[in-house]
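# Coordinates in review
Listed below are the residues making up each chain.
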Amino acid sequence: MSMERAKKNPWPLRILIASMLCFVIGSITLIGQMDTFGDALDTQRNNIGSIDVDSDDQLLINVEESGCYRAYGVNFKGTVTLSELNGSDVQGEVEQSKCKLDWGAISANGSVEYSELGSWELVQGDHLMRIDCNSGCANETVWLTSIDAMEADILNSPMVYLGGSLCCLGIFLLPLAGVLQAFSQNRKQNVICLLYTSPS
C-alpha cells in the first residue's frame, strides 16, 4: 500500500490571472478616457452658461432639457438665484432642490476645487440667473451645469462602460480565486489515495 498526492487544481491560479488581467486592462482603459471624464465632469467645459462676476450680475439662460442643474464657483462668496421667464416677464424664483447628490463637478487636471452654490430642478424654457456677491469676488466666475448631461456623458461612453465593467469583473474574480484555492487545499488535506499492488 502507498500514498499518492492528489493532483493540484489549476483553476484558482487561472482565475487569479484572469482577475489581474481584467483589472489591469480595465484600469488602462479608464485612464485612457481622462478627456471624457474631464469634458463631462469639469464645469468649465460642461456648462450651459456662465457669469463673469466682474462684468455681469445676471444672465439669460435657455434650458433645452428639463432636469437637475447646479451652479458652481471657486472662491465666490454670495448667492445665486434662478427665476423662470414668461416672455420678458420674470416669474418667481425657482426653489432649490437636492437632486442627484451622487454627482458633482471635478476639475479635469485637479488644480481647482469647485464649490456648490445652488441646485435646482429646472423645466425646459428660458431662465434668468442672478448673482449677488458679498465680498472678494474679483476675477470670479459662476457656471451653471446640467447634472443630467454630466451623468449621461459618463454612462453613455462605451469605453468608460467597458473599462468599468472589466475592473468590476476583476474585483469579483479575485475573492472567487481565493475561495477556490482554500477549498482545494482543504480537499488535499482530507483525501488520501491508496494504491494496492498485487504481490509479485
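Residues numbered from 1 in each chain as written. Predicted model: local features only at pLDDT ≥ 70, side-chain atom pairs only at ≥ 80, totals over all residues. Heavy atoms only, no water.

## Some details on the sheet that holds strand β8 (residues 125-133)
With respect to topology, four strands assemble into an open sheet ordered β3-β8-β5-β6, the strand pairing being antiparallel. Of all the strands in the sheet, just β3 (58-63) and β6 (89-93) have a single pairing partner and so form its edges. Put simply, the sheet's adjacent strands are angled 35 degrees from each other on average, direction ignored. As paired elements, strand β5 (residues 78-86) and β6 share three bridges and run antiparallel to each other. The partner of serine 83 across the bridge, within β6, is glutamate 93. (Pairing = 2+ DSSP bridges. Helix = DSSP H or I, 4+ residues; strand = E, 2+ residues; numbered from the N terminus. Axes fitted to C-alpha atoms, helices over the stretch in contact; angles between N-to-C directions.)

## Quick look at the pattern of salt bridges
The tally for this structure, following the rule as stated, stands at four salt bridges. Close ionic contact of glutamate 116 with arginine 70 constitutes a salt bridge, the shortest N to O distance being 3.9 Å. Highlighted residues: glutamate 116 in strand β7 (residues 115-122) and arginine 70 in strand β4 (residues 67-73), separated in sequence by 46 residues. Residues participating in the shared-partner salt-bridge network are Lys100, Asp148 and Glu151. (Salt bridge = Lys/Arg side-chain N within 4 Å of Asp/Glu carboxyl O.)

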